[in-house]
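Chain by chain, the residues run as shown.
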Amino acid sequence: MDYDLDRFTSRRSTVRASRGMVATSQPLAAQAGLSILQDGGNAFDAAVATAAALNVVEPTSTGLGGDVFALYRTADGEVGAMRSCGGAPADASIENVKDSIREKEDLSAWYPEARGYAVDEATSQDALEMPFLGPHAVTVPGTARGWEATVEELGRKELAEVLEPAIHYATEGYPVSEVISYYWQGAKRLFTDEHAREAYLFDGESPAPGDVATLPKLGESMQKIAEEGADVVYEGEIAEQIAGEIQEQGGFMTVDDLAAFEPEFPEPVSTTYNGAEIFELPPNNQGLIALEALNIAEEIGAGDHEYDSPERVHAFAEAMKLAFVDGHHYITDPEYEAVPPLASKAYAKERAEAIGDSPIQDPEVGVPTKAAEDADTVLLTVGDEEGNLVSYINSRFAGFGSGLVAGDTGIALQNRGASFSLDPDHPNSLEPGKRPFHTLVPAVAKFDEDDWAAFGVMGGYMQPQGHVQLLSNLVDYGMGEQEALDAPRWRYREEGTLGVEERLPNQTGLVRKGHDVRVLVPSLFGGAQLVRRQGETLSGATEPRKDGDVVGY
C-alpha cells in the first residue's frame, strides 16, 4: 500500500485533562510518558521516559548519540533551562579535519549528493565544507547525561524506572507506523557501515508499516545505562565503543573527550510579545532568532493585520528574515565568541526600519549549514497536576545522524558537527571543544499569572518560524490550542523563497508584493507540540502533519 504522508484529513480537537498530559510525535512514546505520570512520576520523569521511548519507536529522528535540551516551569514558579550538548573533539582543529578530508579517497560517504552536496575537485582542495556525514560530523553526544541530570535535579524517580518503557519496546518489539517507516527507508542508502546495518536494518531492508521492529542492541545499551548510570556512555564500555568507532572511521574523538562532558542549566533568554512573555534557550541555540523576530513583528504591528491577508504573512516573514540574518551570523558557542543582545527591544526597533511593503532582497542570511534547514528531531511537552510544565527536545540532527553506529551498542551517532564552518573567520568556525550552532529550541510562554504553556516546533530552521506563528495564532488571533497548530504555515527559505502550504489563503497577494512563493508539502512545516496549564486544567495539542498524539488523565 502507498501512503501519502502529506495528506492529513483527520479531525483533531484540543485535549483536556487535570492530572497529567503528554504530547509528542509518536503515540507509543506518549503512552510511555503517561504511564510514568500515573505511576507517581512528575513531568520531568515523564519527559525522559517519553524521550527514551522515542529513541526506540521513532529512531529515524532521535537517539542516544545526539543531544537533549529542556525549557521548563516548575510547580513553584521557577523558569529554567537544561542544555546537554557536547562539543568537537580536542584534536578536531580546522587543519586536522581538512587534512583528513584531503587524504580520503572516496568522499561520497561524507558529502553525499543526495543531501545537497556536490562532490567535485574543489571539495578536496581549499574550498572545503564541513562533512555532513562520517566521523568529523560527530560531536560529543549529550543525551544520556542530559536524561540523568533531568531526573536527578528535577524528577522524583530513578533513571532506571523511566527507561523501562523504552527498554521494553526495544527488546520486545513494536509495530512501525507509516511516517516512521517512510523516513526509515533512507537508512538503506545512508548505512554503509556494517554496525549500522546490523542495528537498524532487517535482512538488509527498512521496516514497512505494520512490521514489528526490535532493536536489541539499543535495548542492551539502555539496560546498561539503567544499571550503571550515564557514566557508562562517557567513561565506560559504551564510551570505548563510541570513541573506537569514530577513530576507526578516521575521526578524532577519544574517551577523554566524552568523559569531560557535563550538562548545564543556563538562564533562559526572554522577551514579551503583545502581553505574553516568551522564554527560549540562549546561544549556542537559535532561541534568540525567535525572540528577535517576535520583537520586530511587534514593532511593525504584524499581528494587527487580518489573518487571511497577504500583509500579515509579509510582515511576519520580513521580521523572520531579518532575525535569521542576525542569528545565523552571530549565534555560536558563547564561550568562544560574544553574542550580541539580539532580543533587545531597542535593537528590534532599529531593525524594523528596513521593512517596507516589498520584500527585502538578498538579505544574506548566511546559514551555518544547508543541511540544517530541514533537519529532523523529536519534541515533546508534558504537564503534571502539581503545576510542572516542560518542553523537551532530543535529536541527532538529521535523521539517523552521521551514518555511524558505535560498535555493538546500537547507538547511532549524531552529525551536529556539520553545522561548523571550516572558515576560521566565521563566528561558528570549528575549534577543539567548541559547541556548534544548534537548531534545537524548546520554549515556554506565560500568557497570564496562572496561564502557562510549554511548546515547540521541531524541524531545523522551521523551529523559530514555527514558534512565531504558533504564538501569534494564540496571542493575536485568539485561536484554541489545536486550531493554532492546524493553521496553514509559511516559512522563509535560505534560498530567498517563501514556502507556503497549499491551503494558505491569498498567495497571489504575496506574489504581487514581490515574494517568490513556492508551495511546499506539509511535512516541511515542522512538528509542533503544546501543553498549556490554565488554573487547574491542562490543554494539549499535537502536530496534524505527523502521526503523534496527546494523552492525558
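Since this is a predicted model, take the numbers as computed values, not measurements.

Definitions and cut-offs
Residues numbered from 1 in each chain as written. Predicted model: local features only at pLDDT ≥ 70, side-chain atom pairs only at ≥ 80, totals over all residues. Heavy atoms only, no water. Helix = DSSP H or I, 4+ residues; strand = E, 2+ residues; numbered from the N terminus. Rg over C-alpha atoms; globule rule 2.2 N^0.38 Å. Buried < 20%, exposed > 50% of the residue type's maximum accessible area, 1.4 Å probe, protein only. Contact = heavy atoms within 4.5 Å. Salt bridge = Lys/Arg side-chain N within 4 Å of Asp/Glu carboxyl O. Pairing = 2+ DSSP bridges. Axes fitted to C-alpha atoms, helices over the stretch in contact; angles between N-to-C directions. Parallel < 35°, antiparallel > 145°, perpendicular 65-115°, else oblique. Left-handed = near helix turned anticlockwise from the far one by under 90°. Expected span 1.5 Å × (residues − 1). Polar contact = N/O pair within 3.5 Å; in protein donor to acceptor, adjacent residues only side chain to side chain. Nonpolar A, V, L, I, M, F, W, Y, C, P; charged D, E, K, R; others polar. Phe/Tyr/Trp six-rings, centres within 6.5 Å; stacked < 30°, edge-to-face > 60°.

## Side note on the overall build of the protein chain
Item 1. A tally of regular secondary structure across the protein chain gives 18 helices and 18 strands.
Item 2. Over its C-alpha atoms the protein chain spans a radius of gyration of 22 Å, differing by no more than 12% from the 24 Å that the globule rule assigns to 553 residues.
Item 3. If one aligns the C-alpha atoms of the protein chain with their principal axes, the spans along those axes are about 55 × 55 × 50 Å.
Item 4. Within the protein chain, buried positions represent 64% of all 553 residues.
Item 5. Taking as baseline every contact in the protein chain between residues at least 6 positions apart, the subset at least 24 positions apart corresponds to 72%.

## Some thoughts on the pattern of salt bridges
Item 1. The full count for this structure, using the stated rule, is 29 salt bridges.
Item 2. Put simply, Lys-188 and Glu-205 hold a salt bridge, and the shortest N to O gap is 2.9 Å. Linking Lys-188 in helix 7 (residues 187–190) with Glu-205 in the loop between helix 8 (194–200) and strand 6 (212–213), this pair joins segments that are 17 residues apart in sequence.
Item 3. On the basis of relative accessible area, Glu-205 is assigned to the partly exposed category, the value being 40%.
Item 4. With its nearest N and O atoms 3.0 Å apart, the salt bridge here joins Arg-351 to Asp-326. Here Asp-326 lies in helix 14 (residues 310–330) and Arg-351 lies in helix 15 (residues 345–352), a separation of 25 residues in the sequence. A single burial state applies to Arg-351 and to Asp-326, both of which are buried.

## Section: the pairing of strand 10 (residues 389–395)
Item 1. Where burial is concerned, most of strand 10 is hidden: seven out of the seven residues are buried.
Item 2. Alternating residues of strand 10 divide into Leu-389, Ser-391, Ile-393 and Ser-395 and Val-390, Tyr-392 and Asn-394, and every residue in both groups is buried.
Item 3. Pairing of strand 3 (residues 67–73) with strand 10 involves seven bridges; the strand directions are antiparallel. Counted as the bridge partner of Tyr-72 is Val-390 from strand 10.
Item 4. For strand 9 (residues 378–384) and strand 10, the ladder comprises six bridges, and the chain directions are antiparallel. Bridge pairing in strand 10 links Val-378 to Asn-394.
Item 5. Where strand 9 folds back on strand 10, the antiparallel hairpin that results is connected by four residues, among which Gly-387 adopts a positive phi of roughly 115°.

## Looking at the packing of helix 5 (residues 159–172) against helix 9 (residues 216–228)
Item 1. Helix 9 packs onto helix 5 with a crossing angle of 165° between their chain directions and a minimal axis gap of 9 Å. Classified by the angle between their axes, helix 5 and helix 9 sit roughly antiparallel to one another. Between helix 5 and helix 9 lies a crossing whose hand is left-handed. Contact residues: Leu-159, Ala-160, Leu-163, Ala-166, Ile-167, Ala-170 and Thr-171 in helix 5; Pro-216, Gly-219, Met-222, Gln-223, Ile-225 and Ala-226 in helix 9.

## Things to note about helix 1 (residues 27–38)
Item 1. With twelve residues, helix 1 ought to run about 16 Å at 1.5 Å a step, and its terminal C-alpha atoms sit 16 Å apart, in line with that.
Item 2. In this structure, the buried residues of helix 1 make contact with strand 2 (20–24), helix 2 (43–57), helix 5, strand 9 and strand 18 (549–552).
Item 3. The backbone nitrogen of Leu-28 lies 2.6 Å from a side-chain oxygen of the residue at the head of helix 1, namely Gln-26.
Item 4. In the segment just after helix 1, Gly-40 is the residue with positive phi, at about 100°.

## Considering the side chain of Asn-473
Item 1. Looking at where Asn-473 falls in the secondary structure, it is placed in helix 16 (residues 462–475).
Item 2. Ignoring any residue separated from it by four or fewer positions in sequence, one finds Asn-473 in contact with Tyr-307, Gly-478, Met-479, Ala-484 and Ala-487.

## So, the packing of helix 13 (residues 287–299) against helix 15
Item 1. Their axes nearest at 8 Å, the elements helix 13 and helix 15 cross at an angle of 60°. Relative to helix 15, the element helix 13 lies oblique. Here helix 13 runs over helix 15; the crossing is right-handed. When helix 13 is examined against helix 15, the residues Glu-292, Asn-295, Ile-296, Glu-298 and Glu-299 are found in contact with a partner set consisting of Lys-345, Tyr-347, Ala-348, Lys-349, Arg-351 and Ala-352.
Item 2. Classifying every residue of the contact of helix 13 with helix 15 by side-chain character gives four nonpolar, one polar and six charged.

## Observations concerning the packing of aromatic side chains
Item 1. Evaluated as defined, the whole model comprises 13 aromatic pairs.
Item 2. A ring pair is formed by Phe-44 and Tyr-72, whose centres lie 5.3 Å apart and whose planes are at 90°; its orientation type is edge-to-face. Highlighted residues: Phe-44 in helix 2 and Tyr-72 in strand 3, separated in sequence by 28 residues.
Item 3. The class of Phe-44 is buried, set by a relative accessible area of 1%.
Item 4. Since its relative accessible area comes to 4%, Tyr-72 is described here as buried.
Item 5. Aromatic side chains Tyr-234 and Phe-261 sit 5.8 Å apart centroid to centroid with 25° between the ring planes, which places their arrangement in the stacked category. With a gap of 27 residues between them, Tyr-234 in helix 10 (residues 231–234) and Phe-261 in the loop between helix 12 (255–259) and strand 7 (269–273) connect regions that are remote in the sequence.
Item 6. Taken together, the ring pairs connect Trp-184, Phe-191, Tyr-200, Phe-202 and Phe-400 into an aromatic cluster.

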